[in-house]
Amino acid sequence: MKNGIEITGTPAGMTREEALTGLLKIIVESLEEDKAEDVVIMDLSGRASFTERMVIATGLSERQMSAMAQHLERKLKEAGYGYGETEGAQGSDWVLMDAGDVVVNLFMPESRELYALERMWGHEFDQADEEVAIGSAHTKGRRRSS
């Protein structure tokens, strides 16, 4: 619980996996209804402690992004999902919504390109982990020359 609000609410009678699937369905359908562009769902399970999935979408104006956030928040509450916080919905180029097991990022096109969350959390993130692991393996057992 955060400030008395249940963040990872699950509608009664659903397993966690069913709830996650339902949550993603509501989010994607809501964003598509509001004409979001380039909607991407990223699986962060095992890679991030703060969420299971990240949804990234583009809006073409601050007004559109604000409306997307308001509509989504209302639909999640109506469906019985606990809901966290929304940041930036009042006129920003990046809106962040905490829906518990799913974090939603709404960007203006320029900001989405600048912050590049798909690259940060996507395939390149996995490659960077592998490079660190490989680099660490190569340095083990080496002696320093004095």
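Given the structure is predicted, the values throughout are model-derived calculations rather than measurements.

Q: Lay out the nonpolar core with the relevant residues and their values.
A: The biggest cluster of nonpolar side chains holds 24 residues, and the ones touching the most others in it are I27, L31, L76, V102, V104 and L106. Breaking this core down by element, the ones donating at least two residues are α1 (16–33), β2 (53–58), α2 (62–78), β4 (94–98) and β5 (102–107). When residues in this core are grouped by element, the largest group, seven residues, is from α1. Setting aside residues no more than four positions away along its own chain, I27 makes contact with V55, L72, L76, V102 and V104.

Q: So what about the confidence of the model for the protein? Which residues, and what values?
A: Confidence in the prediction for the protein averages 79 pLDDT; 74% of positions are at 70 or higher. Across residues 1–8, confidence stays below pLDDT 50; counting only partners more than four residues off in sequence or on other chains, it has 14 contacts. Residue range residues 125–146 is modelled with pLDDT below 50. Its contacts to residues more than four positions away, or to other chains, number four contacts.

Q: Talk me through the pattern of salt bridges; I want residue IDs and the actual numbers.
A: For side chains of opposite charge, pairing can occur when their charged atoms come near one another. A complete count under the given rule lists eight salt bridges for this structure. With a shortest N-O distance of 2.5 Å, E33 and K75 are connected by a salt bridge. Taken as a pair, E33 in helix α1 and K75 in helix α2 lie far apart in primary sequence, 42 residues in all. Here the salt bridges share partners, and the residues they tie into one network are R16, E52 and D101.

Q: A description of the sheet that holds β2 should follow, citing residues and the corresponding values.
A: A sheet is described by the order of its strands in space; here five strands give the open sequence β1-β2-β5-β4-β3, paired in mixed fashion. In the strand order of this sheet, the two ends are held by β1 (37–43) and β3 (86–87), each with one partner. Pairing geometry for β4 and β5, over five bridges, is antiparallel. Bridge assignment links M97 to a residue of β5, and that residue is V104. In this fold α1 packs onto β1, β2 and β5, with an angle of close to 5° to the strand it touches most, β2.

Q: Tell me about unusual backbone geometry, and name the residues and values.
A: Leaving glycine aside, a negative phi is the common case for residues, and trans is the common case for peptide bonds. Here the phi dihedral of K35 falls at roughly 65°; this positive angle occurs in a residue that is not glycine. Mapping K35 onto the fold places it in the loop between α1 and β1. The class for K35 is exposed, based on a relative accessible area of 62%. Of note in this structure, D38 is not a glycine but carries a positive phi near 50°. Topologically, D38 is positioned in strand β1. Note on D38: relative accessible area 55%, which makes it exposed.

Q: Go over the environment of A48 with me, naming the residues and quoting the values.
A: Within the secondary structure layout, A48 lies in the loop between β1 and β2. For the pair A48 and W121, spaced 73 residues apart in sequence, the C-alpha separation works out to 9.2 Å.

Q: I'd love a proper account of the side chain of K75, names of residues and values included.
A: In this structure K75 comes out as buried when scored by relative accessible area, which is 19%. Ignoring sequence-local partners within four residues, the contact set of K75 consists of I26, S30 and E33.

Q: Summarise α2; cite the residues concerned and give the values.
A: Here α2 spans 24 Å end to end across 17 residues, near enough to the 24 Å set by a 1.5 Å rise per residue. Along α2, the residues classified as buried are Q64, M65, S66, M68, A69, L72, K75 and L76. Where α2 is buried, its residues touch α1, β2, β3, β4 and β5. G80 sits one or two positions beyond α2 and adopts a positive phi of about 90°.

Criteria and cut-off values
- Residues numbered from 1 in each chain as written.
- Predicted model: local features only at pLDDT ≥ 70, side-chain atom pairs only at ≥ 80, totals over all residues.
- Heavy atoms only, no water.
- Core = buried A, V, L, I, M, F, W, Y, C linked by side-chain atoms within 4.5 Å.
- Buried < 20%, exposed > 50% of the residue type's maximum accessible area, 1.4 Å probe, protein only.
- Helix = DSSP H or I, 4+ residues; strand = E, 2+ residues; numbered from the N terminus.
- Contact = heavy atoms within 4.5 Å.
- pLDDT = per-residue confidence, 0-100.
- Salt bridge = Lys/Arg side-chain N within 4 Å of Asp/Glu carboxyl O.
- Pairing = 2+ DSSP bridges.
- Axes fitted to C-alpha atoms, helices over the stretch in contact; angles between N-to-C directions.
- Expected span 1.5 Å × (residues − 1).

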